[in-house]
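Take a look at the letters that make up each chain.
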Amino acid sequence: MPWNGGGMLPEAQTTFFAAAALWFPLTAVSRHRQFELTDVARRLPYAAGMAAMAWMTNLGHSTGSMAGDVVTGLLALYLLACALRSLTRDIPMLRRASGTADSTTDIRAPYTHFWHGSMALGMVIMLLMHH
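So, how was this worked out
Residues numbered from 1 in each chain as written. Predicted model: local features only at pLDDT ≥ 70, side-chain atom pairs only at ≥ 80, totals over all residues. Heavy atoms only, no water. Helix = DSSP H or I, 4+ residues; strand = E, 2+ residues; numbered from the N terminus. Buried < 20%, exposed > 50% of the residue type's maximum accessible area, 1.4 Å probe, protein only. Contact = heavy atoms within 4.5 Å. Areas by Shrake-Rupley, 256 points an atom, 1.4 Å probe, with all protein chains shown as cover. Phe/Tyr/Trp six-rings, centres within 6.5 Å; stacked < 30°, edge-to-face > 60°. 1 Å grid on protein atoms, 1.4 Å probe; cavity = no way out; pocket = protein on both sides within 12 Å on 5 of 7 lines; lining within 4 Å. Points joined across faces, edges and corners; volume = space filled by probe spheres on them. Nonpolar A, V, L, I, M, F, W, Y, C, P; charged D, E, K, R; others polar.

Asker: How should I be thinking about the overall build of the chain in this particular structure?
Answerer: Along the chain, the regular secondary structure elements total five helices and zero strands. Listed by position from the N terminus, the elements making up the chain come as α-α-α-α-α. In the chain, buried positions account for 30% of the 131 residues. Put simply, of all contacts in the chain between residues at least 6 apart along the chain, 65% involve residues at least 24 apart. Of the accessible surface of the chain, which amounts to about 8,800 Å², a share of 68% is contributed by carbon and sulfur atoms.

Here it is, written out as structure tokens:
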């Protein structure tokens, strides 16, 4: 990984990414607003990405084990599903977008989903290549 050359210990990397994986769903629980399960669900792909990062920094300890293969497979499948959902969810809207001024604001969301989907797909590739 690119940050391995910085001298950060693998245990510190694993701790950092595991904490980040917990931070994303915990930010949905706030004292200032009402708790909603949809807020947690919306943050799960980010949490899964951070969990995958934590898993990859600690993967050297679990290669070849059945449990390691299962965790890698589950993370990869979930992130692949997130990637496919993000990459395909707004395609119909792109097809019917017209050249009016209002359509430019409507098209920004699909490009955001494209970036999120491509990041999740990249994480799947990194998980599978690392394994």
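Asker: Quick question: what am I supposed to make of the packing of aromatic side chains here?
Answerer: We describe a pair of aromatic rings using the distance from one ring centre to the other and the angle between the two ring planes. This structure, assessed with the given rule, holds four aromatic pairs. With 5.2 Å between their ring centres and 70° between their planes, Phe16 and Phe17 make a pair best called edge-to-face. Taken together, a centroid distance of 5.2 Å and an interplanar angle of 70° make the contact between Phe114 and Trp115 edge-to-face. On the basis of relative accessible area, Trp115 is assigned to the exposed category, the value being 55%. Through a chain of ring-to-ring contacts, the aromatic side chains of Trp23, Phe24 and Tyr46 assemble into a single cluster.

Asker: Sorry, what's going on with the environment of Met123 here?
Answerer: Tracing the chain through its elements places Met123 in helix α5 (residues 101–130). Here Met123 falls in the buried class, since its relative accessible area comes to 13%. Separated by 43 residues in sequence, Met123 and Leu80 place their C-alpha atoms 8.7 Å apart. In this structure Met123 touches Gly49, Ala52, Met53, Met56 and Leu79, once residues within four positions along its chain are discounted.

Asker: When you look at the layout of surface pockets in this model, what are you seeing that I'm missing?
Answerer: Over the atoms rolls a probe the size of a water molecule, and in doing so it shows where empty space is left. Taken as a whole, the largest pocket encloses approximately 610 Å³ of empty space. Lining the largest pocket are 22 residues, and of these Pro45, Tyr46, Ser86, His116 and Ala120 sit closest to its centre. Elements that contribute at least two residues to the lining of the largest pocket include exactly α2 (37–57), α3 (66–88) and α5. Looking at which element gives the most residues to the lining of the largest pocket, the answer is α5, with nine residues. Its residues assigned to classes, the lining of the largest pocket shows twelve nonpolar, seven polar and three charged.

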